[in-house]
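# Fold and geometry: a report
Chain by chain, the residues:
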Amino acid sequence: MEWVYWILTCIFCCYFVVLLLEFNRPSQKLMEQIDAQESRRLEMARRLQTATDGVVEMNSRLENLTNQMDELEESRIAILPEANKRLMVYVPPGPFTMGGRDEDSPRNEQPAHTVHLTGYYMGKTPVTNQEYREFVQCTGYRAPIHWQRGTFPTGTGKHPVTNVSWRDACAYAAWRGAKLPTEAEWEKAARGTDERPYPWGGRFTEGERCNASGLIGTTTPVDEFPDGRSFYEAWDMAGNVYEWCADHYDEEYYRASPATNPPGPEGGQERTIRGGSYQETRAALRTTHRAGAAEGVARDTIGFRVAMPAAAEEVQVALTVSEAGQVAEAEEEPAGGEGETTTSAA
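This section reports on the structure supplied with the text. (Residues numbered from 1 in each chain as written. Predicted model: local features only at pLDDT ≥ 70, side-chain atom pairs only at ≥ 80, totals over all residues. Heavy atoms only, no water.)

## So, unusual backbone geometry
Here Q110 and P111 are connected by a cis peptide whose omega angle stands at -5 degrees. If you trace the backbone, P111 turns up in the loop between β2 (94-98) and β3 (113-117). You will see that E233, though not glycine, has its phi angle at about 70 degrees, which is positive. One can find E233 in the loop between α4 (183-191) and β5 (242-248). The residue D236 is not glycine, and still its phi comes out positive at about 60 degrees. Along the polypeptide, D236 turns up in the loop between α4 and β5. (Helix = DSSP H or I, 4+ residues; strand = E, 2+ residues; numbered from the N terminus.)

Right, here's the structure in full:
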């Protein structure tokens, strides 16, 4: 019977071992799962650390790029005055006659009065589509409504930009480190000191010196009419497009405007536009012609040009040259008088 007892004991032990193994199997699976989760946790921690290091590196690069961009912007701003001068004409300080003297001059152009301006720079041409597109691309500013995909119609790169409001023009001017000209600055740059009725002089011939009277029906390149340059060699100051000025518009302003550097009325519903457009006839192309438009308006007949104050030393040099010229003229006059007397006596 002992062998039966040993057999039963062995069977029971085997059964107990099997039960013990089955009992430990879930525990082993759980431990394996715990180990797998721990491995995943460590992997995720490693990836997180890598990502964190990457973010730190990217932030460092971004900071460096931001600093570089700031330095480039500071450099751009620093060189803007000299760069702008290459695209501008210099208008020296001194007086000029503003407004119309003729009896038939519109009321808003009267009275004619003497205005003294400090020296300044005026854009040689209105701002072109090419120049405005650079501003749009660099700043993300909205493009004119008639542009497609952020650029101007084909073949109009050198045409004046249009469909820009007064606010758009101010934004561009600020980006260029410049400003919109005052109405007085605009008129002096167009008219000069000899009271010429048109930028080029006193004679008007249809289609010869400017784009007007609807002869072409649209804008033209800003350098299309070299014979239409003004007293100070500014292009396109009559016809093609009206140009925004910094001033508010007031028909009665000339009757009480300051005699030195008039800034325009303190307020108003409109801003001044000057120069006429391709649709206008000769009456609106005169250097004294004034008109107004709401500052939020954008039309295909309105563009703008920019201006910039001259540095104090440049104004001083101009004044010195002017004074020297006046002295030279004063010295020549007596000599001329003596010559005439002698001739008469003879």
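## A short note on the sheet that holds strand β1 (residues 88-91)
What links the strands of a sheet is backbone hydrogen bonding, and the strands pair in either a parallel or an antiparallel sense. Taken together, three strands build an open sheet; the order of strands is β1-β4-β9 and the sheet is antiparallel. Among the strands making up the open sheet, the edge pair consists of β1 and β9 (307-309). Between one strand and the next, the sheet's axes are offset by a mean angle of 25 degrees, whatever the strand orientation. (Pairing = 2+ DSSP bridges. Axes fitted to C-alpha atoms, helices over the stretch in contact; angles between N-to-C directions.)

## Brief notes about the sheet that holds strand β6 (residues 271-274)
Strand order in the open sheet formed by four strands is β7-β6-β5-β8, and the pairing between neighbours is mixed. On the outer flanks of this sheet lie β7 (291-293) and β8 (302-303), each paired with one strand and no other. As judged from the three bridges shared by β6 and β7, these two strands associate in the antiparallel manner. Each residue of the ladder has a partner; that of T272, found in β7, is G292.

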